[in-house]
Amino acid sequence: MCVWVARAREPTGAVSVEPGVDALLGQTQRIFSDLPHLRYLLLSSNRLSEIPAGAIEFSGNGFLFLDQNNISKIAVGAITGLGDGEVQLNENSLTVLEEDVFGAFLSAGATLEIDDNPLGCGCEIAWLVTNSAYMSLISPGASCYDGELLANLDPTIYEDFC
């Protein structure tokens, strides 16, 4: 496994991890914590399937790139301190956006890129669809497993039936 760290001028920091971090994340928690200048974390294309609790901690305004993995589960408290940053989860295996996990990102003002995930769009997503402030932070290309864009889902249907 190759790991390299590139730090820009303080207080901005970046960490990029080449493929192989999946084994490391599976062995320990809090692997990307206690890094006070961490601002950008690039973990794209690393065969990750889940993010355990306490794995990633930013000190505010974090940018997390988790694109092109196989992530199907993110534990509550797995990613903290994003502030109004951004999480990119495009091209993963997310079927459910759990409110306890994703609501924490969105309530802090973080944007969420979730294109190309097989999301279920039943009542489990009502918490998101019925909140226009949260929906404004979701990537416009985010869609349900059947291709329907989240932006085209009718919140009144979720209010009436969920």
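Residues numbered from 1 in each chain as written. Predicted model: local features only at pLDDT ≥ 70, side-chain atom pairs only at ≥ 80, totals over all residues. Heavy atoms only, no water.

- With an unreviewed UniProt entry as reference, the protein is termed Oplophorus-luciferin 2-monooxygenase non-catalytic subunit, source organism Penaeus vannamei.

1. Re the nonpolar core
Here is step 1: The biggest cluster of nonpolar side chains holds 44 residues, and the ones touching the most others in it are Ile51, Ile56, Ile79, Leu89, Phe102, Leu128 and Leu150.
Here is step 2: Every element with two or more residues in this core is listed here: β3 (38-42), α2 (99-107), α3 (126-129) and α4 (132-135).
Here is step 3: In this structure leucine 150 touches Ile114, Leu119, Cys121, Ile125, Leu128, Met135, Ile138, Ala142, Ser143 and Cys144, once residues within four positions along its chain are discounted. (Core = buried A, V, L, I, M, F, W, Y, C linked by side-chain atoms within 4.5 Å. Buried < 20%, exposed > 50% of the residue type's maximum accessible area, 1.4 Å probe, protein only. Helix = DSSP H or I, 4+ residues; strand = E, 2+ residues; numbered from the N terminus. Contact = heavy atoms within 4.5 Å.)

2. Considerations on unusual backbone geometry
Here is step 1: Of note, glutamate 91 is a non-glycine position whose phi angle comes to about 60 degrees, a positive value.
Here is step 2: Note that glutamate 91 resides in the loop between β9 (86-88) and α2.
Here is step 3: On the accessibility criterion, glutamate 91 (39% relative accessible area) is partly exposed.

3. Remarks on the state of the cysteines
Here is step 1: Following the criterion strictly, the structure yields 2 disulfides and no others.
Here is step 2: At a sulfur-sulfur separation of 2.0 Å, the disulfide partner of cysteine 121 is cysteine 144. Here cysteine 121 and cysteine 144 share a disulfide; its torsion about the S-S bond, -105 degrees, makes the bridge left-handed. In this pair, cysteine 121 sits in the loop between β10 (111-113) and α3 while cysteine 144 sits in the loop between α4 and α5 (155-161), placing the two residues 23 residues apart along the sequence.
Here is step 3: Disulfide pairing is shown between cysteine 123 and cysteine 162; the S-S distance is 2.1 Å. Taking the sign of the S-S torsion, about -80 degrees here, the bridge from cysteine 123 to cysteine 162 comes out left-handed. (Disulfide = S-S within 2.5 Å.)

4. Some thoughts on the pattern of salt bridges
Here is step 1: All chains considered together, the criterion is met by 1 salt bridge.
Here is step 2: Linking lysine 73 and glutamate 98 is a salt bridge whose minimum nitrogen-to-oxygen distance equals 3.3 Å. Here lysine 73 is found in strand β7 (residues 73-74), whereas its partner glutamate 98 is found in the loop between β9 and α2, with 25 residues between them in sequence. (Salt bridge = Lys/Arg side-chain N within 4 Å of Asp/Glu carboxyl O.)

5. Here we look at the packing of aromatic side chains
Any pair of aromatic rings gets described here by the distance separating the centres and the angle formed by the planes.
Here is step 1: Summed over all chains, the structure comprises 3 aromatic pairs.
Here is step 2: With 5.1 Å between their ring centres and 20 degrees between their planes, tyrosine 40 and phenylalanine 63 make a pair best called stacked. In this pair, tyrosine 40 is assigned in strand β3 and phenylalanine 63 in strand β6 (residues 63-65), connecting sequence segments 23 residues apart.
Here is step 3: Residue classification places tyrosine 40 among the partly exposed positions, given a relative accessible area of 27%.
Here is step 4: Residue class for phenylalanine 63 comes out buried when judged on its relative accessible area of 18%. (Phe/Tyr/Trp six-rings, centres within 6.5 Å; stacked < 30°, edge-to-face > 60°.)

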